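Structure assessment
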Amino acid sequence: MEHVSDLGTWRSYANEQRASGRGVALVPTMGALHEGHAALFRAAKASGDVVIATLFVNPRQFDNGDDLVSYPRTPEDDALIAKENGVDCLVVPTLESMWPDYPHATSTTVSVHGVGDLFEGAERPGHFDGVASVVAKLFILTGPCRAFFGEKDFQQLAVVRQMVRDLALEVQVVGCPIVRDPDGLAVSSRNRYLSPDARRRALSLSRALAGVGNPDTASNHRRHLREVLDGAGIVTSYAEIVDPVTFEVCSDDEAGVRRALVAAVVDGVRLIDNAAVTLVPRGA
Ligand code: AMP
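Fair warning: this is a prediction, and the values are worked out from it, not measured in the lab. (Residues numbered from 1 in each chain as written. Predicted model: local features only at pLDDT ≥ 70, side-chain atom pairs only at ≥ 80, totals over all residues. Heavy atoms only, no water.)

Close contacts around the ligand come from 17 residues, with Met30, His37, Asp153, Val179 and Val187 the closest. Gly150 places a main-chain nitrogen or oxygen 2.9 Å from an oxygen atom of the ligand. A distance of 2.8 Å is found between a nitrogen atom of the ligand and a backbone nitrogen or oxygen belonging to Val187. Every element with two or more residues in the shell around the ligand is listed here: strand S2 (24-29), helix H2 (35-46) and strand S5 (145-150). No other element matches the three residues that H2 contributes to the shell around the ligand. Of the residues contributing to the shell around the ligand, the split by class is nine nonpolar, six polar and two charged. (Near = heavy atom within 4 Å. Polar contact = N/O pair within 3.5 Å; in protein donor to acceptor, adjacent residues only side chain to side chain. Helix = DSSP H or I, 4+ residues; strand = E, 2+ residues; numbered from the N terminus. Nonpolar A, V, L, I, M, F, W, Y, C, P; charged D, E, K, R; others polar.)

Attention now goes to empty space enclosed by the protein. Inspection of every chain in the model, using the stated rule, returns one cavity of 30 Å³ or more. In this structure, the largest cavity spans a volume of roughly 70 Å³. At the level of secondary structure, the elements contributing two or more residues to the lining of the largest cavity comprise helix H9 (196-210) and strand S9 (269-279). The residue makeup of the lining of the largest cavity, split by class, is six nonpolar, three polar and two charged. (1 Å grid on protein atoms, 1.4 Å probe; cavity = no way out; pocket = protein on both sides within 12 Å on 5 of 7 lines; lining within 4 Å. Points joined across faces, edges and corners; volume = space filled by probe spheres on them.)

Space inside the second largest pocket adds up to approximately 380 Å³. Taken together, 21 residues make up the lining of the second largest pocket; nearest its centre are Leu55, Phe56, Val57, Arg73 and Val92. When contributions to the lining of the second largest pocket are tallied by element, the ones reaching two or more residues are strand S1 (2-4) and helix H4 (75-84). By residue number, the principal contributor to the lining of the second largest pocket is H4, which donates three residues. Across the lining of the second largest pocket, the residue classes tally to 16 nonpolar, three polar and two charged.

Turning our eyes to something else, we now look at the packing of H9 against helix H10 (residues 218-230). Look at H9 against H10: their axes get within 9 Å of each other, and the N-to-C directions meet at 155°. Comparing their axes, H10 and H9 come out roughly antiparallel. Our pair here, H9 against H10, has a crossing hand that is right-handed. Every residue of H10 that contacts H9 at Ser204, Leu205, Arg207, Ala208 and Leu209 is listed here: His224, Leu225, Val228 and Leu229. Its residues assigned to classes, the contact of H9 with H10 shows six nonpolar, two polar and one charged. (Axes fitted to C-alpha atoms, helices over the stretch in contact; angles between N-to-C directions. Parallel < 35°, antiparallel > 145°, perpendicular 65-115°, else oblique. Left-handed = near helix turned anticlockwise from the far one by under 90°. Contact = heavy atoms within 4.5 Å.)

What follows is about the nonpolar core. Ranked by internal contacts, the top residues of the largest apolar core, which has 44 residues, are Trp10, Ile52, Met98, Val135, Phe139, Phe149 and Phe247. Ranked by the residues each element gives to this core, the list is headed by helix H7 (residues 127-142), at nine residues. Setting aside chain neighbours within four positions, we find Met98 in contact with Leu7, Trp10, Phe56, Pro93, Val134, Lys137, Leu138 and Leu141. Within the second largest apolar cluster, 27 residues are counted, among which are Val212, Leu229, Ile241 and Val262. (Core = buried A, V, L, I, M, F, W, Y, C linked by side-chain atoms within 4.5 Å. Buried < 20%, exposed > 50% of the residue type's maximum accessible area, 1.4 Å probe, protein only.)

Before going further, it helps to spend a moment on the sheet that holds S2. Here we have six strands laid out as an open sheet, ordered S1-S4-S3-S2-S5-S6, and parallel in their pairing. At either end of the open sheet lies a strand with only one pairing partner, and these are S1 and strand S6 (171-176). Neighbour to neighbour, the strand axes of the sheet diverge by 25° on average, direction disregarded. Relative to strand S3 (residues 50-55), S2 is paired through six bridges, and the arrangement is parallel. (Pairing = 2+ DSSP bridges.)

Rendered as structure tokens:
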């Protein structure tokens, strides 16, 4: 596995791969790698492309300075996990090279309105501006590629897809299924901060989602999510049924496959989860 930090070397590496006839797969991460990231690496590898993984804790997407400072950093383990799961080139750019003016306001910002303003965008002001801006830069540096993202961050995936459509970027976005621990909890770098008791309560997110497996109206699904979360001793941020592209809230007239979203704070740790859900109109 190659290790790269310089932006010019990264750009040349990707250009050389394409010149020699290989496709390029990109897997953006913020490090503290776990099985969810490893599954993305393996999916990228299975596509037959040369796999570039990036590891960059992007300060511009943190709406809370404490969260940025306490974000886990495990560079040695990350390199091992990347190597063992098929990454060909691990890119760890410096903050100065990615955002030369940081912490002063950076002039260029990519904002994806609509989908980027709702839910996580509303709860964490500026978050998706930070995400879209950094992902745009990763795409520009990598060049034409297939980019792998997890459905764990389903709204992030929608924001990235919207940006690629609107800016006609030469990137094929591939969404990959959520990896869960055996007890159902979606794997996340933040789970390490959960005490055993908090973890037990955090399971209410996946339990609520598992309970919306049968077709029903949007209101009934929403009520079910709320009931499970409200009874679990956690602070629910939102529990909604939304259109998977626009993230607009679904009405009871709608039919078909939509997305159930849940977000909650469990003992100070913010967790999100989601699942596909089937709607049938009221009275059908
Ligand atoms: P992060 O390092 O948290 O920014 O995540 C990097 C990528 O890994 C994003 O595309 C995430 O959606 C994805 N990811 C994180 N956790 C999981 C998971 N449990 N299952 C699938 N993908 C995940």
